[in-house]
Structures are given as C-alpha cells and as structure tokens.
Amino acid sequence: MKNIFLIILLCSVAACAEKFDISRHWTMSNLKSEADGQIIPNPNIQTEKVAARDNDFSEVFKLPELEVLISKYKSAQLRYDATKASQGFKLTGSGDFGARNEANSEGVATTSLTGQKSLNLQSENTLTLSILEGQKDLLKLDIRSAIDKILGQVMSYELSQMHLDRMRLIYEKYKSMYQQNRPALDAAISAGVINSSENFKFRKTFANYDRKIHEADAAHALFELNVKKYIDAVRGKYTDISNLSADDIAGRATSEKDLLEISKLTKQASIFKSELALLEGQKKPQGSFVSRLTSPAAVDENWSAFVGINIILPIYDGGEKDLLIEEKLEQSKGVEASINAVQQRNSDSQKQLTRYLLDAKKTLAMLADEQKLSNEVVDDLKTRLGYGGASISDLVSEMMVLAELEFQVLDKQRELRSQVLEYASNYGIVCSLTGSCDSISGSIENIGK
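Described below are features of the structure shown in this document. (Residues numbered from 1 in each chain as written. Predicted model: local features only at pLDDT ≥ 70, side-chain atom pairs only at ≥ 80, totals over all residues. Heavy atoms only, no water.)

**A look at the environment of Ile447**
Moving on, step 1. Its place among the elements puts Ile447 in the segment after helix H9 (437-445).
Moving on, step 2. Distance in space between the C-alpha atoms of Ile447 and Lys74 is 8.2 Å, their sequence separation being 373 residues.
Moving on, step 3. For Ile447, the contacting residues outside a window of four places in its chain are Phe61, Ile70, Tyr73, Lys74 and Ile143. (Helix = DSSP H or I, 4+ residues; strand = E, 2+ residues; numbered from the N terminus. Contact = heavy atoms within 4.5 Å.)

Below is the structure:
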C-alpha cells in the first residue's frame, strides 16, 4: 500500500515539475536585455500619452512657485522697458512766477520748454540696458531651473511606479508557481518525505516579499502625495523615459554641455562686466543734447532759445567709483572661480557615473550567470524528480532562488536609472533626458507675449 502511495506521489511531483518549466522562460528576459541594464517595457504597463497642446507648459506656469518667478520676470521686463523709454528724447515744461526786485516792482511770469536726450558718450545707456537684460536672462534661467526640478521629481515618481509594478509582477509569477506546486509539496510532507518545516520556510519567504512590496507601495504613495500637483501639470512626453536604457539616458545626460549652473554663472559674469564698464564710464565726461525755449519775463523782452550740449565732468568723489570698480573685479574673479569649480565637479561626477554604470553592468552580468546556473539546477531537479532522485522541496527552493535573483536585477536596474537621474538633477539638465530643453526655453521666451 505504501509503495502504491509513493508511486502516485512521484507521478504528481513529475506533473508539477512539468508545470514549473515556465520558470526557465522567465528569469531576466522579461526585465532586461543582455547585461546592459536595458529595461524592456512590460506590455501590461500602459504609459499615458497626452497630445501636445499649443503651450505644453501652460499648466506648469500656473503652479505657485512658477507664478512667483514669472511675476518677477514680468516686473524685470517692465523695468527694462521703462529704462529704455527714459533714455529717449524727453520734453519737460517749467514756469517761474514772482516779482522783480526793482524800485518799480512788477509781477513776472516766465515759462520754459526743455527737450533733452543723452548723448551716450560712454555707452552708459547701452550698458544699463545690458545689465537689465542680463537680470532678465537670469530670471529666465531660474524659471527653467524650477521646471527642470519638477520634471526630475515626476520622472522619479514614474520610475518608482514602474519599479513597484514590476515587483508585483515578479511576486505574482512566483506566487502562482508556488501554488501550482503546493499540492505536491503538501503530499510529500504528509508522506514524511520532507519535513513540514519546509512549508513554513516558503511561507516565510513570501511573507518577506509581501512586506517588501508593502514598503515599496507605502513609499510610492507618500511620493505621490508630494508630486501629485506636478504630475497633473506636466505632459507625459517630457517625463517618459520608460523606453530608454540606463546607457541611453546616461549618454544623453553626459553629452549635454549646457549646464544650468554654468549658464547662470556665465550670465552673472556678463552682468558684472557691464557693471564694471558702466562704473568706469561714470568717471569720464558725460553729456546730453539740450534744447530750451523760454518766454520773456516782461513784455518789452524777447523770447530766448538755447540749443546745445550739456557736459558733466566728474572731478572728485572721495574714491567711491574706484572702490566700486575693485568690488566688481573681485566679484568677477569669484564667478570665474565658481565656473571652474562647477566644470571640475561635473567632470568628476561624469567619471563617477561612468564607473558606477560599468560596475552595475558587471553586476547584472554576474546575476545573469547566476540565473543561468539556477536554471540548470532546475532542469537537473526536474529530471531527477521524475524517477524519485530529487525532492520537490529542492525544486521549490530553487524557484525561490530565481525569484530573489529577479528582485535583485530589478533593484539594480532601478539604481542605474536613479543614479543617472540624480546626476541630471544636480546639474539642471533633466530635460535633456527627453530632449525637451529647447521646448522649455521656447515656452519661457513666450512669457508675456
């Protein structure tokens, strides 16, 4: 009787082993291509595609932090326009009303009409406008920086969502395999072929996976609360990198030379240069064209007119201008040093990122080798299980090894993308990952038009 039961048990185990054959066709193939860290989009995960509108950033510009910056930019534009208008031809009127200090005093009333325009001898008008233009450009870069940070946060959220979805896929796949093999496992325990503790070991493993997914889900939900307003405002085409491998996005990020921080420092250096030239010009003669028409103070006098040039020559200011010039020189040196520091830091960051990617790809290759070996073990166990030379517990245990390897692959792939995204965020070039930097700059240029 016992022999008959064992024969039935072995037939059941062999059938389950055939069902388990699906494990060989999963492994890393659903999650990566070769060992380059390339993530293949899961067909069950739908990426939302939103049709482009005339102004793709209209919703982003409505965010409070962007509205503040846009308001500052518009104010700077008005200040620029006002300054430019003040440098044109100006016409003013004035009048004098009183009495002459003579024996026969009489009431006096004179009026004057004066026209004046700066001669811009030292290019002071041009330099002033250049400074204001530079300040406007800095505000544009601040707006772009704010948008870039928003894109980075949304990309991180989408990466988190993709990671969570794939964790669930792996969990459900191996949970299903375990349930398929559960009857054979229970039968083996009932027959005393394997210890009942084996079943508890597997249940504990899945309990651990349950906890991992719960923690990932909780972290993702908290992340969503922090970025929900951005998710609703940003168009999908500016944040979707699901079809790009880590190498692809790393290549896009490291090839981008227009680093936002350097652009800001370069613009600041240009402003200091104009301010320095303006201060030096203020030490030299300045003039303006003047025309004046004045009415007579008495009926027996004639109208007077003047057309000419008014020249102002600074003589002594206590050294104020020289000290201000020294200040601008020091500020310029500081900006140049900052530019060099950022360039050096960026160079080091690129080297570190490149090294990290190489090491990570080697790790993925090692994981692929481990999976290959594990699959060979599974094949061997299935063969021996058919004639009673192996235990169903060993087969399920190897299945858990494959599950753990897939989770490790998934974690490493997320780390790869996260490292590239962190690099891009640090240098304000997240937009380069989707090739949207020009679109952002173009939208910013149209503000107020």
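Back to the write-up after that little detour.
**Observations regarding the nonpolar core**
Moving on, step 1. With 58 residues, the main nonpolar core has Val60, Ile143 and Ile147 as its most contacted residues.
Moving on, step 2. Elements with a minimum of two residues in this core: helix H2 (64-86), helix H3 (124-190), helix H4 (197-233), helix H5 (246-255), helix H6 (260-281), helix H7 (320-385), helix H8 (392-426) and H9.
Moving on, step 3. When residues of this core are assigned to their parent elements, the largest contribution, nine residues, is made by H3.
Moving on, step 4. Residues contacting Ile143, with those up to four places away along its chain left out, are Phe61, Leu66, Leu69, Ile70, Tyr73, Ile444 and Ile447.
Moving on, step 5. Residues Leu164, Tyr171, Tyr174 and Ile194 belong to the second largest nonpolar core, which totals 30 residues. (Core = buried A, V, L, I, M, F, W, Y, C linked by side-chain atoms within 4.5 Å. Buried < 20%, exposed > 50% of the residue type's maximum accessible area, 1.4 Å probe, protein only.)

**What about H4?**
Moving on, step 1. Between its first and last C-alpha, H4 extends 53 Å over 37 residues, near the 54 Å set by a 1.5 Å rise per residue.
Moving on, step 2. Of all the bends in H4, the largest measures some 65° and sits at Val227.
Moving on, step 3. Listing the buried residues of H4 in full gives Glu198, Asn199, Phe202, Phe206, Tyr209, Ile213, Ala216, His220, Val227, Tyr230 and Ala233. (Expected span 1.5 Å × (residues − 1). Bend = angle between axes of the 7 residues up to and from the residue.)

**So, H5**
Moving on, step 1. What H5 keeps buried is the set Ala246, Ile249, Ala250, Ala253 and Thr254. On an axial view of H5, the arc spanned by its buried residues comes to 125°, and they lie on one face.
Moving on, step 2. Here the buried face of H5 lies against H7 and H8. (Arc of directions from axis to C-beta.)

**With respect to the pattern of salt bridges**
Moving on, step 1. Within this structure, the stated rule accounts for 22 salt bridges.
Moving on, step 2. Note that Arg144 is salt-bridged to Asp258, the shortest N-O span being 3.3 Å. Taken together, the residues span a long stretch of sequence, with Arg144 in helix H3 and Asp258 in the loop between H5 and H6 at a distance of 114 residues.
Moving on, step 3. The class for Arg144 is buried, based on a relative accessible area of 6%. (Salt bridge = Lys/Arg side-chain N within 4 Å of Asp/Glu carboxyl O.)

**Digging into unusual backbone geometry**
Moving on, step 1. Even without glycine at this site, Asn120 takes up a positive phi of about 55°.
Moving on, step 2. Residue placement: Asn120 occurs in the loop between strand S2 (107-118) and H3.
Moving on, step 3. One non-glycine residue, Ser123, lies in the positive phi region at around 60°.
Moving on, step 4. Looking at where Ser123 falls in the secondary structure, it is placed in the loop between S2 and H3.
Moving on, step 5. According to the relative accessible area criterion, Ser123 is partly exposed, its value standing at 34%.

**As for the packing of aromatic side chains**
Moving on, step 1. Applying the stated rule across the entire model yields nine aromatic pairs.
Moving on, step 2. Centre to centre, the rings of Tyr209 and Phe407 are 4.8 Å apart; their planes meet at 45°, and the pair counts as tilted. Separated by 198 residues along the polypeptide, Tyr209 in helix H4 and Phe407 in helix H8 bring together distant segments of the chain. Phe407 carries the same exposure label as Tyr209, and that label is buried.
Moving on, step 3. Connected via pairs of aromatic rings, a cluster forms that spans Tyr171, Tyr178, Phe202, Phe206, Tyr209 and Phe407.
Moving on, step 4. The aromatic ring of Phe206 is capped on one face by Lys175, whose charged end is 4.9 Å from the ring centroid.
Moving on, step 5. Above the plane of the ring of Phe407 lies Lys212, whose end atom (NZ or CZ) is 5.8 Å from the centre. (Phe/Tyr/Trp six-rings, centres within 6.5 Å; stacked < 30°, edge-to-face > 60°. Lys NZ or Arg CZ within 6 Å of the ring centre and 35° of its normal.)

As far as function goes, none of this settles anything; it's purely spatial.
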